[in-house]
Structure formats: C-alpha cells, structure tokens
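So you can see what is in the structure, the chains are spelled out below.
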Amino acid sequence: MAAYAFLIPLLPLLAALSIGGLHFFNLLRGEAGEKLSARLAAWAIGLAAALALGLLGLELAGNPSGLQVYGSWLASGKLIIGFSLQAGGLNMALAALFGALLLAVARFSRNYLHREPGFQRFFFILSLFAAAMLLLVLSGNAVFTFVGWEIAGVCSYLLIAYAYERPVAAHNATRVFITNRVGDGGFLLGIGLMLAWLESADWQTLNTGAADLDRGDATLLALSFAVAAFAKSAQIPFSPWLARAMEGPTPSSAIFYGGAMVHAGVFLTLQLRPLFERAPAAMALLAAIGAMTAIYGYWVGLSQTDIKSSQIFAASVQLGLMFLECGLGWWTLAAWHLAAHAVVRCYLFLTTPSILHNTHGRPIEPVPAALADCRWAFIASLQRGWLEPAVDWLLVKPILQLAKDARYIEERILDPLMGSPAPAIRAMSSLAQQEEQKMGANLSSTEDRFAQGSGLAGKLAQWTSALLNWFEYHFILRGIGRESIRVGRRLGQAANRFEHLLLRARYLALFVLITLMVALGYR
C-alpha cells in the first residue's frame, strides 16, 4: 500500500484542476455549480485523508513503511534528485492529521460560503493548498518540499486577497506574500548548501550526514532552514504578517493559520532534528526566538478587541512555545504540541461566530493585577510593540532608498553618458505622415524629427533613423505614382530591348562563341 502514497497529494491536485478547468470553460458557475465544486474538493481530500490514515494504521500495526522513490526528476553527474515520498513516521502522521482537518474545513465551507462570490475560486484554491500541504509534509527531499512550501504560500496570498476589490485585503495579502519570501531565501540557501556539501537534496541524507559536517557548516545550514521556519511560522521579527492574514474568509484562516500552514516551520524544524542537534548555536536561537514570540503574542493579545485577532495572537504564543521546546531538545513534546494545537486552533477558528454568540454579555476576564496599572504596557500592546514599523525602518526603508539612489544614478549619470533613443511612442512613422498629409495635415520632412536621443548611442540612432526616414519619404512615399513608377517603366523597357537583342541570331552566335573561347582558355 505504501507504493500508492503518491495519490495523497495527487488526488487534491486533480480536484483543483477539475474545478479550475470546469470553471474556466463556464461549465461550473454560480449557485448551480456550488454542489459539484464542493463535492469534488471534499471527495478528493477525503480519499487522500483516508489513504494517509490507512498507511498510518498499517505502521501502528507493525508494518512500517519507509521512503518510496517513484523516479528520477533531475540527474546531472553525481547529483540525482528523485521524486520520493516518506510513507511513514511523523510525515505520514501529519499528512493524516492535516487531511482530516482539510476535509472538515471543506465540509464547513460548503454552507459557510453558500452564494458567496468566488465560491468556485475558494474550493479551487483550497484543493490546490491541500495538494501543496500534503506534498510538503510527505516529500522525501528538500526540492519537492520547497515546491509544496511555495504553492502553499501562493494559495495563502490568494485567499487573504479573496475580497480583492477591498484595498486593505489586497495590501495585506501582498505584505504577507513578500514577508514570506524572505524566509524562502533561507530555504533556497539551505538547499544550495546541501547540494554543495552533501551532493544530495534528500532529507535522510542530510540527517544521516549531519554528524560528519563541520560544526560551523552544520550551524550555517541549520540557521538557513531556521530563517525559513521562522518566517513561515510567524516568529519574531516576522510575527506581524500573521495578524494581516486575518483578512481572508474564516475557513481559510482556520486551516491556513490555525490548522496546517502556520505549523510548516515547526514541522521543518522537527524533520531536521539531527542537523539542529549538531548545531547548538542554532538550537539556542530556536529557544530564544520562540520565547520572545510567546511573550510578544501573549502581551499583544491582551489588548485585542476582535475574536480573530485574539485567536491569532494566542496561536502565536503556542507556536513560540513549540520553537522553545525544539530549542530545549524536547522534540517529542513539540511534535505532540503541534498536533494538538492544530486540532484545537482549527476548531476555535471555525467556531468563532458561535463563540461570540455564546459569550455575549459575559465580562472579559481582567488582566493580572501587576499589569493592570501599566499604561505604557497597554499603549505598547495596542501598537503591537511597534514591531512592524521597526522592521520597516530597519529593512524596508533602506532598500527603498537604495532603489531611489540607483534610479537617480541611472537617469542622471548612465543615461547621459551612454545615451538612449527616445521612446518609440514619440516617433512618427512615415506611413503615418503620409496618411496625415492625405487628411490635410501640413507636415514636412524638414519639420518632423523621426527620432531624438541623447549621448553617443542616442545620436547614432537619431542619425540612422533620419537617413532611413529621408530615403523612405523621398524615394518611396513621394515616388509612388510619379518618379518611382516612371523610373520603373524605363528600366523595364530597357530590359525588354536588351532581351530582344540577345535573342537575335548574330548576338546569340557571338555569345556562344565567346563562351567556347572562355572554356578553351580555361583548359
């Protein structure tokens, strides 16, 4: 049965392609298409979850399944990157858990989004995300884990901007997407170091070869993947993106930021346990960042006034504690914490409307007495620690200023020095000039400048275009019906007379004689 593990990510992918294709060809539209869209997504995700649960049950029954290799994706010299899936262990357990949560969200969304604009779009993205997330947790090598990592990020962007006509939703989606790309840089660096030092992208090769790596190399490799994990799981300094992601629909918030995707960073850290144990500095960083994120989430969560923000900062606290557990070496506790939190947080997000209804009229629990009179702490909590403005000031603004300086250098120094032709939109073609003349426009070749430019390159382009313009205007356009036709007729008459002369007997004999003499002389 382990050989069929590839169906787990494939089934939701086929559902996404089916929903997208039918919708593209107008076969799945409006309220009439809601039932089929929801069924395609639910059945595909349900079958994938059932297969994952079956494989997990076989493993628990004493039939462990290892790495399943389905073929080679890339081969170059000694480097071979295959398509492989891990059909057992933590990977399959999380695949079964995430599959069950995805199925619950798909069933919930059918009624929650009924008659909503973009119903088919939601289930297309949900199915695509299910395929990406299941590929992420099952992949046996870093390359295909990164593929799932990226597709899940794109799906997150699309669902945060679900109400794309709202500027706030579009802005928040873009902000979240760009923030996560910083972590992707760390992931790509880690893959590059794996290929350079181990000549392999397989996770098993990395974990078994971690003991043979130099301490510094192992630390650098671990830190690369740690940056990717911090960004994906919204650890400090990347934490602010998590609150911005609440612009999406409640079901997407439940599965993306409560159940599955937000735990991808913790999963990556758990999967690289041998590597991190080889790098004590990286483990210390995990513990420090996790502790700071937990404190930050608790502190900011005290002043939130809407339930989704309260839920997401509570999730931030738990995620920080998971990284703290990993940094302290409590790997098994972190894995169980991940699984339990995914279930509880997904449920809490799905039931947020019911929670508001059931707790209406109840007083809010007061904060601890030690914090009740700390006005500065309350202001800082309302401003969410000024973390996002600080990151903008330290990173975003210097990059924007660098871009402005580069543009200034290009426009004020490089362009005048090298020169560049004027934009094509400023140049009028000769055919357009002729048409305007027919319409009565008073344009002349002396008044029109076909191209303008600056610098050496610009002047050369200007002179060349002016020469071609003059030739076209004087010989072709102005000659049509006058000089060009008369010259053509004269040339044609002369050619006819020359042809008749050649066909006369004496000239033909002379031509043959000359040909023979040339041939004899050549011999």
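The structure presented is a predicted model; accordingly, all values stated were derived computationally and were not measured. (Residues numbered from 1 in each chain as written. Predicted model: local features only at pLDDT ≥ 70, side-chain atom pairs only at ≥ 80, totals over all residues. Heavy atoms only, no water.)

A. Seen up close, the pairing of strand β2 (residues 79–86). Pairing of strand β1 (residues 67–76) with β2 involves seven bridges; the strand directions are antiparallel. Residue pairing in the sheet places Leu 74 in a bridge with Ile 81 of β2. Linking two consecutive strands that pair antiparallel, namely β1 and β2, is a turn of two residues; a positive phi of about 65° is found at Gly 77 within it. (Pairing = 2+ DSSP bridges. Helix = DSSP H or I, 4+ residues; strand = E, 2+ residues; numbered from the N terminus.)

B. Up close: a nonpolar patch on the surface. A cluster of nonpolar side chains, namely Trp 393, Leu 394, Leu 395, Val 396 and Leu 400, defines an oily patch on the protein surface of about 540 Å² accessible area. Along the polypeptide, Leu 400 turns up in helix α19 (residues 387–418). (Patch = residues over 30% accessible without salt bridge, like charges linked within 9 Å, V, L, I, M, F, W, Y side chains within 5 Å. Areas by Shrake-Rupley, 256 points an atom, 1.4 Å probe, with all protein chains shown as cover. Salt bridge = Lys/Arg side-chain N within 4 Å of Asp/Glu carboxyl O.)

C. Looking closely at the confidence of the model for the protein chain. Taken over all residues, the pLDDT of the protein chain has a mean of 82, while the share at 70 or more is 83%. At the level of individual helices and strands, the protein chain shows its lowest average pLDDT in strand β3 (residues 420–421), which scores 48, and its highest in helix α11 (residues 264–271), which scores 94. Confidence drops under pLDDT 50 across residues 421–428; counting only partners more than four residues distant or on other chains, this segment forms 13 contacts. Under a pLDDT of 50 for its full length, residues 441–451 has, in the predicted model, 18 contacts with residues more than four places off or in other chains. (pLDDT = per-residue confidence, 0-100. Contact = heavy atoms within 4.5 Å.)

D. Main features of the packing of aromatic side chains. Taken as a whole, this structure holds 20 aromatic pairs when the rule is applied. Aromatic side chains Phe 83 and Phe 144 sit 5.0 Å apart centroid to centroid with 65° between the ring planes, which places their arrangement in the edge-to-face category. On the criterion of sequence distance, the pair formed by Phe 83 in strand β2 and Phe 144 in helix α5 (residues 142–160) is long-range, its members being 61 residues apart. Through pairs of rings, three or more aromatic residues link up here, namely Phe 6, Tyr 70, Trp 73, Phe 83 and Phe 144. One Lys or Arg, Arg 121, reaches over the ring of Tyr 162 and ends 4.7 Å from the middle of that ring. Of note, Arg 181 hangs over the ring of Phe 177, and the distance from its end group to the ring centre comes to 4.2 Å. (Phe/Tyr/Trp six-rings, centres within 6.5 Å; stacked < 30°, edge-to-face > 60°. Lys NZ or Arg CZ within 6 Å of the ring centre and 35° of its normal.)

E. A look at the packing of helix α1 (residues 7–24) against helix α4 (residues 119–138). The interhelical angle for the contact between α1 and α4, taken along N-to-C directions, is 160°, at an axis separation of 8 Å. Taken together, the axis directions place α1 and α4 in an arrangement best described as roughly antiparallel. Between α1 and α4 lies a crossing of left-handed hand. Seen from α1, the contacting residues are Ile 8, Pro 9, Pro 12, Leu 13, Ala 15, Ala 16, Ile 19, Gly 20 and His 23; seen from α4, they are Gln 120, Phe 123, Phe 124, Ser 127, Leu 128, Ala 130, Ala 131, Leu 134, Leu 135 and Leu 138. Broken down by class, the residue content of the contact of α1 with α4 amounts to 15 nonpolar, four polar and no charged. (Axes fitted to C-alpha atoms, helices over the stretch in contact; angles between N-to-C directions. Parallel < 35°, antiparallel > 145°, perpendicular 65-115°, else oblique. Left-handed = near helix turned anticlockwise from the far one by under 90°. Nonpolar A, V, L, I, M, F, W, Y, C, P; charged D, E, K, R; others polar.)

F. Focus on the nonpolar core. The biggest cluster of nonpolar side chains holds 114 residues, and the ones touching the most others in it are Phe 98, Phe 129, Phe 187, Phe 225, Tyr 257 and Leu 275. Sequence-distant contacts of Phe 225, defined by excluding residues within four places in its chain, comprise Gly 186, Phe 187, Gly 190, Ile 191, Met 194, Trp 203, Leu 206, Leu 268, Leu 272 and Leu 275. (Core = buried A, V, L, I, M, F, W, Y, C linked by side-chain atoms within 4.5 Å. Buried < 20%, exposed > 50% of the residue type's maximum accessible area, 1.4 Å probe, protein only.)

G. Representation of the pattern of salt bridges in the model. For the structure shown, the criterion picks out seven salt bridges. In this structure, Arg 115 and Glu 31 form a salt bridge, with 3.3 Å as the shortest nitrogen-oxygen distance. Here the residue Arg 115 occupies a position in the loop between α3 (89–112) and α4, and Glu 31 occupies one in the loop between α1 and α2 (34–60), the gap between them amounting to 84 residues. Close ionic contact of Arg 273 with Glu 277 constitutes a salt bridge, the shortest N to O distance being 3.0 Å. Taken as a pair, Arg 273 and Glu 277 lie in helix α12 (residues 273–277) at a separation of four residues, close to a single helical turn. Salt bridges here are not isolated pairs; linked through shared partners, they connect Glu 150, Arg 181 and Asp 184.

H. Quick look at the packing of α1 against α2. Interaxial distance between α1 and α2 falls to 8 Å at its minimum, and their mutual angle equals 175°. One way to sum up the angle between α1 and α2 is to call them roughly antiparallel. Where α1 abuts α2, its residues Leu 7, Ile 8, Leu 11, Pro 12, Ala 15, Ser 18, Ile 19 and Leu 22 lie against Leu 36, Ser 37, Leu 40, Ala 41, Ala 44, Ile 45, Leu 47, Ala 48, Leu 51, Ala 52 and Leu 55.

I. Broad picture of the environment of Tyr 296. Along the polypeptide, Tyr 296 turns up in helix α13 (residues 280–301). For Tyr 296, a relative accessible area of 8% puts it in the buried group. In this structure the C-alpha to C-alpha distance between Tyr 296 and Ser 381, which are 85 residues apart in sequence, comes to 8.8 Å. Apart from residues no more than four positions distant in its own chain, Tyr 296 is found in contact with Ile 236, Ser 239, Phe 313, Arg 384, Gly 385 and Leu 387.

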